[in-house]
Structures are given as structure tokens and as C-alpha cells.
Amino acid sequence: QVQLVESGGGLVQPGGSLRLSCVASGFFFNSFAMSWYRQAPGKERELVASISNYGATIKYAEFVKDRFTISRDNGKNTGYIQMNNLQPEDTAVYYCNCHRWAEVWAPIGSWGRGTQVTVSS
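Residues numbered from 1 in each chain as written. Predicted model: local features only at pLDDT ≥ 70, side-chain atom pairs only at ≥ 80, totals over all residues. Heavy atoms only, no water.

K.L.:
Talk me through the nonpolar core; I want residue IDs and the actual numbers.
P.N.:
Residues Met34, Trp36, Val48, Phe68, Ile81, Met83 and Tyr94 are the most contacted members of the largest nonpolar core, which totals 28 residues. For this core, the elements supplying multiple residues, two or more each, are β3 (18–25), β4 (33–39), β5 (46–51), β7 (68–73), β8 (78–83), β9 (92–99) and β10 (115–119). (Core = buried A, V, L, I, M, F, W, Y, C linked by side-chain atoms within 4.5 Å. Buried < 20%, exposed > 50% of the residue type's maximum accessible area, 1.4 Å probe, protein only. Helix = DSSP H or I, 4+ residues; strand = E, 2+ residues; numbered from the N terminus.)

K.L.:
With reference to specific residues and values, describe the pattern of salt bridges.
P.N.:
Across all of its chains, the model carries three salt bridges by this definition. As a salt-bridge pair, Asp90 and Arg38 come within 2.9 Å of each other at their nearest N and O atoms. Within this pair, whereas Asp90 is found in the loop between β8 and β9, its partner Arg38 is found in strand β4, the two being separated by 52 residues in sequence. What makes Asp90 buried here is its relative accessible area of 0%. (Salt bridge = Lys/Arg side-chain N within 4 Å of Asp/Glu carboxyl O.)

K.L.:
So what's going on with the sheet that holds β10? Which residues, and what values?
P.N.:
If you trace the six strands from one edge of the open sheet to the other, you get β2-β10-β9-β4-β5-β6, paired in mixed fashion. Pairing within the sheet leaves two strands with one partner each, and these edge strands are β2 (10–12) and β6 (58–60). Strand-to-strand twist across the sheet, computed as the mean angle between neighbouring axes with direction ignored, equals 25°. Relative to β6, β5 runs antiparallel, the two being bridged by three bridges. The partner of Ile51 across the bridge, within β6, is Ile58. (Pairing = 2+ DSSP bridges. Axes fitted to C-alpha atoms, helices over the stretch in contact; angles between N-to-C directions.)

K.L.:
Outline the environment of Thr78, listing residues and values.
P.N.:
Locating Thr78 in the fold gives a position in strand β8. When the C-alpha positions of Thr78 and Trp111 are compared, they lie 16 Å apart, and in sequence the two are 33 residues distant. In this structure, Thr78 is in contact with Ser21, Cys22, Val23, Phe29, Arg72 and Asp73, ignoring residues within four places of it in sequence. At 2.7 Å, the side chain of Thr78 and the backbone oxygen of Lys76 are in polar contact. (Contact = heavy atoms within 4.5 Å. Polar contact = N/O pair within 3.5 Å; in protein donor to acceptor, adjacent residues only side chain to side chain.)

Here is the structure:
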């Protein structure tokens, strides 16, 4: 059974940092790309960043470029996103999922509970 569990969210002041983790199980993690997504209250879920199965290719949404860094450790079946210089508009529930590279909106897992990130002073 495909399972992805996010963690690492919390409350942080503007300008602060958080590192989110995503532990995968039930499938061959290194066979799929991985992405982070987020959904703010009242808004659609949006794509934040994607990394190919061995990390050779990475893409970021324009709104997080130069602030967020996506990575993965296939030996630990875990993906990460380091988020720096967080701003109030980054407040959202963050989700991870895995997919074939070109199919970011057809992930292989169901959406988990995500992890809440709140940026506020």
C-alpha cells in the first residue's frame, strides 16, 4: 500500500525556516519523481517543487525560487524540502506525493494529512 507521511511543519516567524520531511513506503521510492504541494485556506492545491527519481532534475514554482530547496534520500525512502525566508503567504498545509515525472497531478498515492506551516509574527 502506497503511503506518504509528511512532518516538520509548525509556527514560524516571517523570515524563519523549516525543514519538512516525507517518508514513503509501500512502493519503490526511487522509481518515481517526488513533489511537494501546498494548499492554503480557500485556495486550490498548488505545486511547490519537484525532484526526479534520482535527483538529477529539479523544478520550483516561481514563488519559492531561491528560498526553498527540495531533496531526497532514496536510501531512507525520504524526501525533504528546506524552506527559508518564510513569509505569511507561505502559510498552508504542505503535502508530498510521488508520480511519473510529467504527471505531477496524477500522483500514485492518495493525499495524506499533510503538515501545517504557519508563518506569523
